[in-house]
Amino acid sequence: MRVLRDRNAGPYLAGVVVSGFGTSALWLASGVWVKDLTGSDGLAALCVLAMWASAPAGPALGTLADRVRRKPLLIGTNLLLAALLLTLFAVDSPDRVWIVFAVLFVYGAAGIVHDAAESALVAAAVDKHLLGDFNGLRMTATEGMKLLAPLAGAGLYSVYGGPVVALLDAISFVLATGLYACLRVRESRPEPPAAGWHARTAEGARHLWAHPRLRPLVVAGGATMLFAGLNGAMVYAVVGGLGHSPAYAGVLAAVQGAGSVAVGLLSGTALRRLGRHHFAACGIGLTAVGVGLRAVPADPAALAGSAAIGAGLPCVLIAALTAVQHETPDALLGRTAATANTLLFTPNVIGLSAGAALVELADLRPTLLALGLALLVTAAVLRQSPASAERTVSRSPSDANPA
């Protein structure tokens, strides 16, 4: 409630809910749309790849958020996406499917800029003591929309077709723009860059790697998301082992989403009591337990495992993002946040791709147990990192360079 009473956090979270609803609705409808137009499962699957294709360019795209004021950039990006989505009204035959892929590619690239500007703006607009609570509530809002919006998008698509879903997403961005315009934050004009584009892009990565508290969180988060991607690729094999039809994967996804919604509500308090590293390590450990439970061929274990994964997986993401916002100078925050997002989320795509091949080659249950063990090791290593990090920070120059 303290977050929602904040004069900036409330409108911003409302904007997240509105735009997240449209994005989640389009995410499902785009694949169904391409499948209906072309009859190709492969082309339909490429819709997700198109949205993620620009992820490796995240550090370079995030540099833009440090070159201009963040609030106008956030508003401009939303209006650009709203206009871009209207071009999907031209898609009415298989030979125009390329427009869908082009829009999704730009959508993903603009989303990277949007997220970088958003992270930097929130750090300036929201009380520093509420950032952990805010990021948890943002996770709750995002995951909540993932539970509701795909069903709404599928229903709209089945009745009115793809262009209407695109229009819904465009309207959601316009509404979010109005909410972001209500944010009251003072921003000074950024200083002219003293280095070239490549050098400025690298500064975010150097800051993450040199910082003794950020590096362990981001590395552990990337490893966790890699293992989570491998686990996610095996969900249909898990469902088959339980003797259910593939549609049962939707039940597991809903339970996992509910777990993520719940942990988002509790994350602010947990961060304050446990600290970022221990909170993240506990979440990774809970994810490990959930992955291990999926190896048990019983419905209660599979459902409990999905809930544990949903509750555990967001912890390291919330902790890492909050740490980046706290530990990064404002002038560097846009590109640092974009670099952290790239390092956190790109491994998930790699894991999904590798898992699609692994599930055909390896036995399911030993593989799931091995993934659970790898996650436990990741949690143990991260849990030990704060002590060594504090020792590094507290070392004096004479300790580092003995005479």
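Our structure is the block above this text.
Residues numbered from 1 in each chain as written. Predicted model: local features only at pLDDT ≥ 70, side-chain atom pairs only at ≥ 80, totals over all residues. Heavy atoms only, no water.

Draft legend 1. Structural context of the pattern of salt bridges. A full pass over the atoms with the stated rule returns nine salt bridges. For the salt bridge of Arg96 with Asp92, the shortest nitrogen-to-oxygen distance reads 3.9 Å. Under the relative-accessibility criterion, Arg96 is labelled partly exposed at 36%. Looking at Asp92, the relative accessible area reads 56%, which means it is exposed. What you see here is one network of salt bridges that share partners, running through Asp66, Arg70, Glu203, Asp330 and Arg335. (Salt bridge = Lys/Arg side-chain N within 4 Å of Asp/Glu carboxyl O. Buried < 20%, exposed > 50% of the residue type's maximum accessible area, 1.4 Å probe, protein only.)

Draft legend 2. Just the environment of Val164, in detail. Position of Val164 among the secondary structure elements: in helix H8 (residues 162-181). You can call Val164 partly exposed: its relative accessible area is 28%. In this structure the C-alpha to C-alpha distance between Val164 and Phe89, which are 75 residues apart in sequence, comes to 8.3 Å. (Helix = DSSP H or I, 4+ residues; strand = E, 2+ residues; numbered from the N terminus.)

Draft legend 3. Spotlight on empty space enclosed by the protein. Taken as a whole and assessed by the stated rule, the structure comprises one cavity of 30 Å³ or more. There is about 50 Å³ of room inside the largest cavity. If you trace the largest cavity, you find it lined by Ala237, Val238, Gly241, Leu242, Arg294, Ala295, Val296, Pro297, Leu364 and Arg365. For the lining of the largest cavity, the secondary-structure elements that each account for two or more residues are helix H11 (235-241) and helix H16 (364-394). Of the residues assigned to the lining of the largest cavity, the class counts are seven nonpolar, one polar and two charged. (1 Å grid on protein atoms, 1.4 Å probe; cavity = no way out; pocket = protein on both sides within 12 Å on 5 of 7 lines; lining within 4 Å. Points joined across faces, edges and corners; volume = space filled by probe spheres on them. Nonpolar A, V, L, I, M, F, W, Y, C, P; charged D, E, K, R; others polar.)

Draft legend 4. Focus on the side chain of Arg335. Counting through the fold element by element, Arg335 comes out in helix H15 (residues 330-361). Judged by its relative accessible area of 7%, Arg335 falls in the buried class. In contact with Arg335, other than residues within four places in its own chain, are Pro59, Gly62, Thr63, Asp66, Arg200, Glu203 and Gly204. (Contact = heavy atoms within 4.5 Å.)

Draft legend 5. How the structure looks around the packing of aromatic side chains. The full count for this structure, using the stated rule, is three aromatic pairs. Geometrically, the ring pair formed by Tyr12 and Phe134 is tilted, given 5.5 Å between the ring centres and 40° between the ring planes. Of this pair, Tyr12 sits in helix H2 (residues 9-38) while Phe134 sits in helix H7 (residues 131-160), and the two are 122 residues apart along the sequence. On the accessibility criterion, Tyr12 (1% relative accessible area) is buried. Given the relative accessible area of 1%, Phe134 is considered buried. Centre to centre, the rings of Tyr107 and Phe173 are 5.9 Å apart; their planes meet at 70°, and the pair counts as edge-to-face. Taken as a pair, Tyr107 in helix H6 (residues 97-125) and Phe173 in helix H8 lie far apart in primary sequence, 66 residues in all. In this pair, the class of Tyr107 matches that of Phe173, namely buried. Three or more aromatic residues joined by ring pairs form one cluster here, namely Tyr12, Phe134 and Tyr180. For Arg215, the ring lying beneath its charged end belongs to Trp209, and the centroid distance is 5.2 Å. (Phe/Tyr/Trp six-rings, centres within 6.5 Å; stacked < 30°, edge-to-face > 60°. Lys NZ or Arg CZ within 6 Å of the ring centre and 35° of its normal.)

Draft legend 6. Examining the packing of H7 against helix H12 (residues 248-274) more closely. Orientation of H7 relative to H12, taken along the N-to-C sense of each, is 170°, at an axis distance of 7 Å. On the basis of the axis angle, H7 is roughly antiparallel to H12. Here the contact of H7 with H12 is composed, by residue class, of nine nonpolar, 10 polar and three charged. (Axes fitted to C-alpha atoms, helices over the stretch in contact; angles between N-to-C directions. Parallel < 35°, antiparallel > 145°, perpendicular 65-115°, else oblique.)

Draft legend 7. The side chain of Asp66, seen in detail. With respect to the helices and strands, Asp66 occurs in the loop between helix H4 (58-62) and helix H5 (70-85). Judged by its relative accessible area of 8%, Asp66 is buried. A distance of 2.8 Å separates the side chain of Asp66 from the backbone nitrogen of Gly334, its partner in a polar contact. (Polar contact = N/O pair within 3.5 Å; in protein donor to acceptor, adjacent residues only side chain to side chain.)

All quantities given are derived from atomic positions and should not be read as evidence of function.
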